[in-house]
Amino acid sequence: MSETSMETSVTGALPAPARGPAVPSMPSPAPAPALPATEDDGTTTARRTDVEGVDAGVGLTALLVAAARAIETHRHDSLAQDVHAEHFVRAAGACADWPLRIQEVPHGDDNPLWGRFARYFGLRTRVLDDFVCRSVGEGVRQVVLLGAGLDTRALRLDLPSDCVVFEVDRAGVLAFKQRVLADLTVTPSARRVPVAVDLRADWVGALTSASFDPAVPSVWLAEGLLFYLPGPAETFLVDTVDRLTVPGSALAFEAKLEKDLLAYRDSAIYTATREQIGIDLLDLFDRGPRPDSAGDLAAKGWSTSTHTPFDFTRLLGRGPLPEPNDALEGNRWVFAHKTRR
């Protein structure tokens, strides 16, 4: 994947979605085959991917991101605001003692988890918020959040009332999310449509049944998702997004370049996450070969740009910068716009 230089602003760094005519609806691709998680010895385990709610496995990482967004929200130099995030953390017993303010964190920003890593999630939230808002500003009215987790963009972004935000995730995660939001009595400015389905099942059928229109331009986010999936599942997902989109659509996703994730097992971020909150991210990530999804999209008629998170840290003046034995070194943020069929 090639990397491009940054411009003078976040929105300027991301190419504008190309506009194109709508086309007749296209057939849905076949559902993805079931892809069970495996241990290093090849045995199947349900521990990583089959936990329905937010109490364990990948679902628990949604609470980690929510806690990071809560901390970011209350910083004096906040990059992103999410006033709903802390309510998710408070509602889940698994994280009752997690901090929600940087002032509650021992050693503050020097803490690798709640300082540097949380700031990373704040930066990612800001950059993807800008990406969505710019696409909507260009006229896109369908937003699809793949592996939406506890994302609240439908509530906190100033989206037009004719915009539809599809939140695709497992039923247990979305049910927890809905219980918390119901107690808050909040009303989204856009239309919010939860789509309860496992991304290993027929999520295309579930999405189109929920009123998603493949003939209308759309913007898609796969935020913090793909490195939990086996390589073939990532390829299927990206190919499916391509088949479900017309010119004028956009996609942003996060990828990792490391050939050996275990090389960073003792990095400060992974160590602190394991020791402070009991989440072993390397045990959740898929360690198989990764596809070149940016290259595949380019071959299909998408314009793509690839950046490191540090590019945006330098641009915005806040966020993590490289350090030795850095678990973030291989992270890449890919922004793609479909320019032709």
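Being a predicted model, the structure only gives us computed values, none of them experimental. Residue numbers restart at each chain and count upward from 1, following the sequence in its written direction. Per-residue local features of the predicted model are confined to residues with pLDDT of at least 70, and side-chain atom pairs are confined, for both listing and counting, to 80 or more; whole-chain, interface and lining totals are unaffected and use all residues. Only hydrogens and water are removed before side-chain values are computed, so all heavy atoms of the structure are retained for them.

Axis definition: a line fitted to C-alpha atoms, limited for helices to the stretch in contact. Angles are taken between N-to-C directions and run from 0 to 180 degrees. The helix and strand labels rest on DSSP assignments: H or I over at least four residues marks a helix, E over at least two residues marks a strand, and numbering proceeds from the N terminus. Direction vectors running N to C along helix 4 (residues 112-137) and helix 12 (residues 309-316) enclose 80°, while the axes themselves pass 10 Å from each other. The orientation of helix 4 with respect to helix 12, classified from their angle, is roughly perpendicular. Residues R116, Y120, L123, R126 and V127 of helix 4 pack against P309, F310, F312, T313 and L316 of helix 12. When grouped by side-chain class, the residues that make up the contact of helix 4 with helix 12 number 7 nonpolar, 1 polar and 2 charged. If an angle is under 35 degrees, it is roughly parallel; if it is over 145, roughly antiparallel; if it lies from 65 to 115, roughly perpendicular; otherwise it is oblique. The contact definition used throughout considers only heavy atoms, calling two residues in contact when any of these lie within 4.5 Å. Under the scheme applied, nonpolar residues are Ala, Val, Leu, Ile, Met, Phe, Trp, Tyr, Cys and Pro; charged residues are Asp, Glu, Lys and Arg; polar residues are all the others, including Gly.

Right, let's talk about the environment of L123 for a bit. You can see L123 is positioned in helix 4. Given a relative accessible area of 0%, L123 falls into the buried group. C-alpha of L123 to C-alpha of P320: the two residues are 197 residues apart in sequence and 8.6 Å apart in space. Apart from the residues within four sequence positions on either side, L123 is in contact with L79, P309, F312, T313, L316, R318, P320 and W333. For the exposure calls, accessible area comes from a 1.4 Å probe over protein chains only, and a residue counts as buried if that area is under 20% of its type's maximum, exposed if over 50%, partly exposed in between.

The predictor's confidence in any single residue is recorded as pLDDT, a number from 0 to 100. Residues with a pLDDT of 70 or more make up 85% of the chain, whose mean pLDDT is 87. Low confidence marks residues 1-49, where pLDDT is under 50. Its contacts with residues over four positions away, or in another chain, come to 116 contacts.

With that out of the way, let us pick up the sheet that holds strand 4 (residues 164-169). In short, DSSP must find at least two bridges between two strands for them to pair. Taken in spatial order, the 7 strands make up an open sheet running 5-4-3-6-7-9-8, and their pairing is mixed. Here the strands that pair on one side only, and so sit at the sheet edges, are strand 5 (191-196) and strand 8 (302-307). Going from strand to strand, the sheet's axes swing by 15° on average, the running direction of each strand aside. Looking at chain direction, strand 8 and strand 9 (residues 331-338) are connected through 6 bridges and run antiparallel. By the bridge assignment for strand 9, H307 is matched with W333. Relative to the sheet, helix 6 (residues 171-184) contacts strand 4 and strand 5, its axis offset from that of strand 5 by approximately 145°.

Here we come to the pattern of salt bridges. Salt bridges are counted wherever a side-chain nitrogen of Lys or Arg sits within 4 Å of a carboxyl oxygen of Asp or Glu. Scanning the entire structure with this criterion turns up 28 salt bridges. Taken together, the shared-partner salt bridges connect R69, D82, R124, D129, D151, R153, R156, E223 and E254 into one network.

Tracing the backbone through its elements, the reader meets R332 in strand 9. Owing to a relative accessible area of 12%, R332 belongs among the buried residues under this scheme. The sequence separation of R332 and A255 amounts to 77 residues, and the corresponding C-alpha distance is 5.2 Å. At a separation of 2.9 Å, a polar atom in the side chain of R332 contacts the main-chain carbonyl oxygen of E329. Between N or O atoms, a polar contact is any pair within 3.5 Å; within protein, one atom must be a potential hydrogen donor and the other a potential acceptor, and residues adjacent in sequence are included only when both atoms are from side chains.

This paragraph deals with the packing of aromatic side chains. Between rings of Phe, Tyr and Trp, where Trp is taken as its six-membered ring, a pair exists when centres lie within 6.5 Å; planes separated by under 30 degrees are stacked, by over 60 edge-to-face, and by other angles tilted. Under the criterion given, the structure shown has 16 aromatic pairs. Aromatic side chains F88 and F176 sit 6.4 Å apart centroid to centroid with 45° between the ring planes, which places their arrangement in the tilted category. Within this pair, whereas F88 is found in helix 3 (residues 85-91), its partner F176 is found in helix 6, the two being separated by 88 residues in sequence. Look at F176 and you get buried, because its relative accessible area is 8%. With a centroid separation of 5.7 Å and 45° between ring planes, the pair formed by Y120 and W333 is classed as tilted. Of the two residues, Y120 is situated in helix 4 and W333 in strand 9; the sequence distance between them amounts to 213 residues.

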